[in-house]
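One-letter residues, chain by chain:
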Amino acid sequence: MSTELVALEHTLVAEITTAADLKALEEVRISALGKKGRVPELMAQLGKLPPEEKKAFGQAVNGLRDRVTTSLETRKTALSAGALLEKLKAERVDVTLPVRAGGGHDGRIHPVSQVWDEVIEIFADMGFSIAEGPDIETDDLNFTKLNIPEEHPARQEHDTFYMRSQPGSTDAPLVLRTHTSPVQIRTMLAQKPPIRIIAPGRVYRLDSDATHTPMFHQIEGLVIDKATHLGHLKWTLTEFAKAFFEVDDVKMRFRASHFPFTEPSMEVDIGAEAIGKPGKWLEILGSGMVHPNVIRNCGLDPDVYQGFAFGMGIDRIAMLKYGIPDLRAMFAGDLRWLWHYGFSALDMPSLAGGLSS
Ligand code: DAH
């Protein structure tokens, strides 16, 4: 190998081993092996050599290029490991430090949780207590005792998720509850009137499109006493709507409807001016006077006790109140969405302090 090649190899290896960082190393690589680099330049001289020298020269330059490439790679690996260590050191987080107040993207309360708490706050103020029931419910409580016997068309309308029963079992199948109404039954079976409860929870239906998700949230209300009447129902729901939408007055429309567990039954709309969109009606809930059969199914005498019930979609009223356009985005778990629509964990909804401030 010519002394010229040996000298070049020495120079290049020295440059490579002293390159201080990845950027400097890349510059060395370009000046050595790049299109106009020193090694390709040597190769270009090949044409000027006498034929008997060409082969040896070509092999020597190729060998030089291979060795330079290898030392570039070795150095690159070493520098990368070093760079990573530096980066880790620089970005070290001391998790024992106290929380920095007002830090950027802190945790957020989901609008469903926010509205759940707001609704509870309003009804608690009216003297309601909170009742709960399981998400996996018996067919009897989800349907039969609510005056929805087997073969009743309402069972089909509910698009129920049935749980697979044990092989050989003769028990009625369990279902994922299709509504929070079974909590009415559980409450009446467990406690004597007067009853005044709300029951927020998750419910499930085999339904999925732009306005339906297989899991969603409802809040059930139940009042049972000796002299409860439709006027109490209307007053309660009107007061609720005013408090919830944080307006002094709200237009309500009670539309005749049908539910197997109430008679009479009503769907309730609010005038959309409450959310700044005058001229439209928006349905917010179903309600009615509890059907005598339901009261009887719970071991109470319908000639003595009567009352009202309602069921409301929490997600739906959250979307209405906070202008959330897409139901499915509610459950997509996208943090950017939550930072936009979520609430501060330190602002607890309270009637005194403002529900949503
Ligand atoms: N359970 C009904 C549903 O999911 C909603 C409902 C309507 C609940 C009327 C009630 C009621 O308590 O009285 O569609």
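Residues numbered from 1 in each chain as written. Predicted model: local features only at pLDDT ≥ 70, side-chain atom pairs only at ≥ 80, totals over all residues. Heavy atoms only, no water.

Trainee: I keep staring at the packing of aromatic side chains and nothing clicks. Help me out?
Mentor: We describe a pair of aromatic rings using the distance from one ring centre to the other and the angle between the two ring planes. Summed over the entire model, instances satisfying the criterion amount to 8 aromatic pairs. Ring centres of F123 and F128 lie 5.1 Å apart, and the angle between their planes is 70°; on these two criteria the pair is classed as edge-to-face. The buried category is assigned to F123, whose relative accessible area is 0%. Overall, F128 belongs to the buried group, its relative accessible area being 8%. An angle of 15° between the planes, with centres 5.1 Å apart, marks the rings of F123 and F240 as stacked. On the criterion of sequence distance, the pair formed by F123 in helix α5 (residues 111-125) and F240 in helix α9 (residues 230-245) is long-range, its members being 117 residues apart. Chaining the aromatic ring pairs together yields one cluster made of F123, F128, F240, F244, F245 and F310. Between the NZ or CZ atom of K234 and the centre of the ring of F254, over which it lies, the distance is 5.0 Å. The cationic tip of K321 hangs over the ring face of F244; the distance from NZ or CZ to the ring centre is 4.6 Å. (Phe/Tyr/Trp six-rings, centres within 6.5 Å; stacked < 30°, edge-to-face > 60°. Buried < 20%, exposed > 50% of the residue type's maximum accessible area, 1.4 Å probe, protein only. Helix = DSSP H or I, 4+ residues; strand = E, 2+ residues; numbered from the N terminus. Lys NZ or Arg CZ within 6 Å of the ring centre and 35° of its normal.)

Trainee: Which parts of the structure should I look at to understand the packing of α5 against helix α11 (residues 314-322)?
Mentor: Relative placement of two packed helices is described by the angle separating their axes and the distance separating the axes. Where α5 contacts α11, the two axes come as close as 9 Å, and the packing angle between them is 100°. In terms of orientation, α5 lies roughly perpendicular with respect to α11. In this structure, α5 contributes P111, V112, Q114, V115, W116, E118 and V119 to the contact, and α11 contributes I314, D315, I317, A318, K321 and Y322. Taken together, the residues that form the contact of α5 with α11 break down as 9 nonpolar, 1 polar and 3 charged. (Axes fitted to C-alpha atoms, helices over the stretch in contact; angles between N-to-C directions. Parallel < 35°, antiparallel > 145°, perpendicular 65-115°, else oblique. Contact = heavy atoms within 4.5 Å. Nonpolar A, V, L, I, M, F, W, Y, C, P; charged D, E, K, R; others polar.)

Trainee: So what exactly am I meant to see when it comes to the nonpolar core here?
Mentor: Nonpolar side chains in soluble globular proteins tend to be buried together. Among the nonpolar cores identified, the biggest contains 43 residues, and V119, F240 and I270 are the most heavily contacted of them. Within the residue set of this core, elements represented by two or more residues are α5, β6 (215-225), α9, β8 (262-271), β9 (281-290), β10 (306-313), α11 and α12 (335-341). Once you skip the residues sitting within four places of it in the chain, I270 turns out to touch A241, F245, V250, K251, M252, K280, W281, L282 and I284. Counting 22 residues, the second largest nonpolar core, distinct from the first, contains L146, I197, I295 and L300. (Core = buried A, V, L, I, M, F, W, Y, C linked by side-chain atoms within 4.5 Å.)

Trainee: Which parts of the structure should I look at to understand the packing of α9 against α11?
Mentor: Direction vectors running N to C along α9 and α11 enclose 50°, while the axes themselves pass 11 Å from each other. Our classification of the angle between α9 and α11 gives oblique. Note on element contacts: α11 touches α9 through I317, L320 and K321, opposite F240, F244 and F245. Its residues assigned to classes, the contact of α9 with α11 comprises 5 nonpolar, no polar and 1 charged.

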